[in-house]
Amino acid sequence: MKNDLTKIVISGEGGQGIQTIAKVLAESFKDSGFYVSYIPQFGPEQRGAPSISFIQYSTKEIKYPRFYKADYLIVLRERAIPATTTFVNSKTKVIFDSSTIRPNVIKQSENKKEAVPATKLAFDLFGKKNLNLIISGYLTKLFSLNEKAVWKIIKNQLQKKFSEKKDLEDNARNAFIYGYEFTSEKKNFSQPTFKTNKTIIISKNREREAFISPELCKGCGICIEKCPVGALKFGDEIGVYGNPIPEIDIDKCINCGNCFRFCPDCAIKVKKKSK
Ligand code: SF4
Ligand code: SF4
């Protein structure tokens, strides 16, 4: 492990567990005997808003909690990249989610990319909520941390969740180990290909049809908030950019139009069926 100061930025969107990853990492460095600084930076408390954290660890006291260029950037959404660009230079190693981010959008670090298709792995193998555990496992190996010690910290942090259901813990542990043992993609990166780009019908009944365009929906959740009858919620499927997309209970829908009036991306539409 390095002896000098190491600077890390972790970024993604609300709902991905960015701050859980950061807290686990910071606590693990501290337990390994390093000085640590950790600054979380939250966007608005909603899914899809940017979430960033800044971590430094060192064998010497850390004088300034802020820094300008990172040694490592971990980025899990393409839309989080603009917020992190200023922290990246040609020396920054970028670990990115290759199932939601196109490699060519990370321009500054041409030779220092490590690709982990974490969102796709989570959806395919462990469930979407374990994305952060795959990444935590990967970072544990990357920073030569003790795998058992890091898992203990994770268990403490997620104790409440795990105490409700034992199988959640087993699944989370498997996701963590999977990330720990994962070898990053060097080329032939995974790509954001979960959903068709075409507008699709997500629900219909005898009177109404609801459509969504996965290439437009950014998973902001505004439509869900604005629905007066609770007919919308996020489903298990994800859109082109790796974000969750809404599903609709068309039988509850009263066709008020709020969802498509408020959607900032014109991604959703409900209409009466033509006779
Ligand atoms: S049209 Fe109105 S009731 Fe129907 S899903 Fe959209 S917001 Fe909800
Ligand atoms: S359909 Fe529109 S309002 Fe709803 S989550 Fe997607 S982008 Fe946001």
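Reading the values: the criteria
Every residue gets a number counted from 1 within its own chain, in the order that chain's sequence is written. In the order they appear in the text, chains get letters beginning with A and ligands get numbers beginning with 1. In keeping with the model being predicted, local features are shown solely for residues with a pLDDT of at least 70 and side-chain atom pairs are shown and tallied solely at 80 or more, while totals for entire chains, interfaces and linings include all residues. In DSSP terms, a helix is any run of H or I states spanning at least four residues, a strand is any run of E spanning at least two, and both are numbered starting from the N terminus. Here exposure depends only on C-beta density: within 10 Å of a residue's C-beta, 20 or more other C-beta atoms make it buried, 12 or fewer make it exposed, and intermediate numbers make it partly exposed, the C-beta atoms being placed from the backbone. What makes a residue near a molecule or strand is its C-beta atom, placed from the backbone, lying within 6 Å of it. Three classes are used, and their members are as follows: Ala, Val, Leu, Ile, Met, Phe, Trp, Tyr, Cys and Pro are nonpolar, Asp, Glu, Lys and Arg are charged, and the others, Gly among them, are polar. Each residue gets a C-beta atom placed from its backbone, and two residues are in contact if those atoms lie within 7 Å. Only buried Ala, Val, Leu, Ile, Met, Phe, Trp, Tyr and Cys residues enter a nonpolar core, and they are joined through C-beta atoms within 7 Å. The axes are straight lines fitted to the C-alpha atoms, using for helices just the contacting stretch, and the angles between their N-to-C directions are given from 0 to 180°. Put simply, angles under 35 degrees are roughly parallel, angles over 145 are roughly antiparallel, angles from 65 to 115 are roughly perpendicular, and the rest are oblique. Crossing handedness is read from the near helix: turned anticlockwise from the far helix by less than a right angle, it gives a left-handed crossing, and turned clockwise, a right-handed one. By definition, two strands form a pair when at least two bridges between them are found by DSSP. For a helix, the expected span equals 1.5 Å multiplied by the number of residues minus one. On a scale of 0 to 100, pLDDT captures the predictor's confidence in every residue.

1. Quick look at the overall build of the chain
Alright, step 1. Per the secondary structure count, the chain includes 8 helices and 11 strands.
Alright, step 2. Looking at the 275 residues of the chain, the share that counts as buried comes to 41%.

2. Concerning the site of ligand 1
Alright, step 1. Around ligand 1 lies a shell of 14 residues, among which Cys227, Cys253, Cys256, Asn258 and Cys259 are the nearest.
Alright, step 2. Of the residues contributing to the shell around ligand 1, the split by class is 10 nonpolar, 3 polar and 1 charged.

3. Here's the deal with the environment of Val75
Alright, step 1. Within the secondary structure, Val75 is located in strand β4 (residues 72–75).
Alright, step 2. In this view, Val75 contacts Ser11, Gly12, Ala80, Ile81, Thr84, Val94, Phe96 and Ile101; residues no more than four positions away in its chain are not counted.

4. Quick look at the site of ligand 2
Alright, step 1. The environment of ligand 2 is formed by Cys217, Lys218, Gly219, Cys220, Gly221, Ile222, Cys223, Pro246, Cys263, Asp265, Ala267 and Ile268.
Alright, step 2. Taken together, the residues of the shell around ligand 2 break down into 8 nonpolar, 2 polar and 2 charged.

5. Side note on the nonpolar core
Alright, step 1. Within the largest apolar cluster, 51 residues are counted, with the highest numbers of intra-cluster contacts made by Leu73, Val75, Ile134 and Ile135.
Alright, step 2. Ranked by residues supplied to this core, first place goes to helix α1 (residues 18–31) with 7 residues.
Alright, step 3. If we ignore the near neighbours within four places in the chain, the residues touching Ile134 are Ala118, Leu121, Ala122, Ala175, Tyr178 and Gly179.
Alright, step 4. Core analysis: the second largest hydrophobic core is formed by 14 residues, Ala210, Cys227, Ile248 and Ile268 among them.

6. A closer look at unusual backbone geometry
Alright, step 1. Phi at Ser144 takes a positive value of approximately 50°, unusual for a residue other than glycine.
Alright, step 2. A positive phi angle is found at Cys266, which is not glycine, with a value near 50°.
Alright, step 3. In this fold, Cys266 is placed in the loop between α8 (258–262) and β11 (268–272).

7. Some remarks on the packing of helix α3 (residues 131–142) against helix α6 (residues 166–181)
Alright, step 1. The N-to-C vectors of α3 and α6 enclose an angle of 40°; their axes lie 6 Å apart at closest approach. The orientation of α3 relative to α6 falls into the category oblique. The interaxial crossing formed by α3 with α6 has right-handed handedness. Only Ala172, Ala175, Phe176, Ile177, Tyr178, Gly179 and Tyr180 of α6 make contact with α3, whose side of the interface consists of Leu133, Ile134, Ile135, Ser136, Gly137, Tyr138, Thr140 and Lys141.
Alright, step 2. Each residue belonging to the contact of α3 with α6 can be placed in one class, and the counts come to 10 nonpolar, 4 polar and 1 charged.

8. Details of the pairing of strand β5 (residues 93–96)
Alright, step 1. Judged from the 4 bridges that link them, β4 and β5 form a sheet pairing that is parallel. Its bridge partner being in β5, Ile74 is matched across the sheet by Ile95.

9. Things to note about α3
Alright, step 1. With 12 residues, α3 should reach 16 Å at 1.5 Å per residue; the first-to-last C-alpha distance of 17 Å fits that figure.
Alright, step 2. Along α3, the residues that are buried comprise Leu131, Asn132, Leu133, Ile134, Ile135, Ser136, Gly137, Tyr138, Leu139 and Thr140.
Alright, step 3. Contact partners of the buried residues in α3: α1, β4, α2 (118–126), α4 (147–157) and α6.
Alright, step 4. Of the residues trailing α3, Ser144 is marked for its positive phi of about 50°.

10. Remarks on the pairing of β4
Alright, step 1. The alternating pattern of β4 places Tyr72 and Ile74 on one face and Leu73 and Val75 on the opposite face, and all of these are buried.
Alright, step 2. As paired elements, strand β1 (residues 6–13) and β4 share 4 bridges and run parallel to each other. Paired with Val9 across the two strands is Leu73, which belongs to β4.

11. Focus: the confidence of the model for the chain
Alright, step 1. Mean pLDDT over the chain stands at 83; residues scoring 70 or higher make up 84%.
Alright, step 2. Mean pLDDT across the elements of the chain ranges from a minimum in strand β7 (residues 200–204), with 67, to a maximum in α3, with 95.

12. Notes on α2
Alright, step 1. Residues Ala118, Thr119, Lys120, Leu121, Ala122 and Phe126 constitute the buried set of α2.
Alright, step 2. If you follow the buried residues of α2, they end up packed against α3 and α6.
Alright, step 3. Note on α2: the residue one or two positions beyond its end, Gly127, has a positive phi of about 95°.

13. A short note on the environment of Asn89
Alright, step 1. Residue placement: Asn89 occurs in the loop between β4 and β5.
Alright, step 2. Counting along the chain gives 21 residues from Asn89 to Tyr68, while the straight-line C-alpha distance between them is 9.9 Å.

14. Side note on the packing of α2 against α3
Alright, step 1. Where α2 contacts α3, the two axes come as close as 8 Å, and the packing angle between them is 125°. It follows from the interaxial angle that α2 and α3 lie oblique. Seen from above, α2 lies across α3 with right-handed handedness. Residue-level contacts link Ala118, Thr119, Leu121 and Ala122 of α2 to Leu131, Ile134 and Ile135 of α3.
Alright, step 2. A per-class count over the contact of α2 with α3 returns 6 nonpolar, 1 polar and no charged.

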